[in-house]
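Take a look at the letters that make up each chain.
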Amino acid sequence: MTSLTAVFQMARQRLIAPAIGNWARFYAAKPAAPAGKKKKLGKLGPIMEKKVIPVETDANKLVNYVCGSNYLKTGEDIKIKPDSEYPDWLWTLNTEGIVPLDELDPNSKQYWRRLRKLALRRNNQLSKLKKF
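Owing to the predicted nature of the structure, the values given are computational and were not obtained by experimental measurement.

How each quantity is defined
Residues numbered from 1 in each chain as written. Predicted model: local features only at pLDDT ≥ 70, side-chain atom pairs only at ≥ 80, totals over all residues. Heavy atoms only, no water. Helix = DSSP H or I, 4+ residues; strand = E, 2+ residues; numbered from the N terminus. Buried < 20%, exposed > 50% of the residue type's maximum accessible area, 1.4 Å probe, protein only. Contact = heavy atoms within 4.5 Å. Areas by Shrake-Rupley, 256 points an atom, 1.4 Å probe, with all protein chains shown as cover. Salt bridge = Lys/Arg side-chain N within 4 Å of Asp/Glu carboxyl O. Patch = residues over 30% accessible without salt bridge, like charges linked within 9 Å, V, L, I, M, F, W, Y side chains within 5 Å. Phe/Tyr/Trp six-rings, centres within 6.5 Å; stacked < 30°, edge-to-face > 60°.

### Concerning the overall build of the protein
Turning to step 1, where the next piece is worked out: Of the regular secondary structure elements, the protein holds 3 helices and 4 strands.
Turning to step 2, where the next piece is worked out: Scored against the burial criterion, the 132 residues of the protein give a buried share of 4%.
Turning to step 3, where the next piece is worked out: Taking all contacts inside the protein whose residues are at least 6 apart in sequence as the whole, residues at least 24 apart take part in 0%.
Turning to step 4, where the next piece is worked out: Of the roughly 14000 Å² of accessible surface on the protein, a fraction of 60% belongs to carbon and sulfur atoms.

Printed below as a string of structure tokens:
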């Protein structure tokens, strides 16, 4: 029986152990980092370096083109057209900020949505103050 056990152990070492060893060997291998650069490690891992984005300083281009509108590698930015080529509603858009609730029409959907939003905010603030 000892010879049979010895045969099984020999077979296990030659057949099973190398297969397991090869599989386990590559499990925790770390990728090789470039020799010249080392990434800084922060609290949560490597810190991403900020990319410096070039800023357009040419006054002529800033006046005549929409800078940054071309996000592709090829092509150029959109040229600004004269005001007459744009629709009339574009010039009536509110760019000042939020219109107060008093100036809104009570018959509009926007008025009631704003009123509901303000009431929800007020109730949430009041619920924070309640002590049980």
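### Observations regarding the pattern of salt bridges
Turning to step 1, where the next piece is worked out: This structure, assessed with the given rule, holds 1 salt bridge.
Turning to step 2, where the next piece is worked out: Of the charged contacts in the structure, one is a salt bridge between K61 and E56, with a shortest N-O distance of 3.9 Å.
Turning to step 3, where the next piece is worked out: With relative accessibility at 29%, the residue K61 sits in the partly exposed group.

### Remarks on a nonpolar patch on the surface
Turning to step 1, where the next piece is worked out: A cluster of nonpolar side chains, W89, L90, W91 and L93, forms an exposed patch at the surface whose accessible area comes to about 460 Å².
Turning to step 2, where the next piece is worked out: Within the secondary structure layout, L93 lies in the loop between β4 (78-79) and α3 (109-129).

### Thoughts on the packing of aromatic side chains
Turning to step 1, where the next piece is worked out: Applying the stated criterion across every chain yields a total of 2 aromatic pairs.
Turning to step 2, where the next piece is worked out: Arranged with centres 6.2 Å apart and planes meeting at 90°, the rings of Y86 and W91 form a pair that is edge-to-face.
Turning to step 3, where the next piece is worked out: Judged by relative accessible area, Y86 falls into the partly exposed class, the value being 28%.
Turning to step 4, where the next piece is worked out: Between Y111 and W112, the ring centres sit 5.1 Å apart and the planes meet at 90°, which makes this aromatic pair edge-to-face.
Turning to step 5, where the next piece is worked out: Residue class for Y111 comes out buried when judged on its relative accessible area of 16%.

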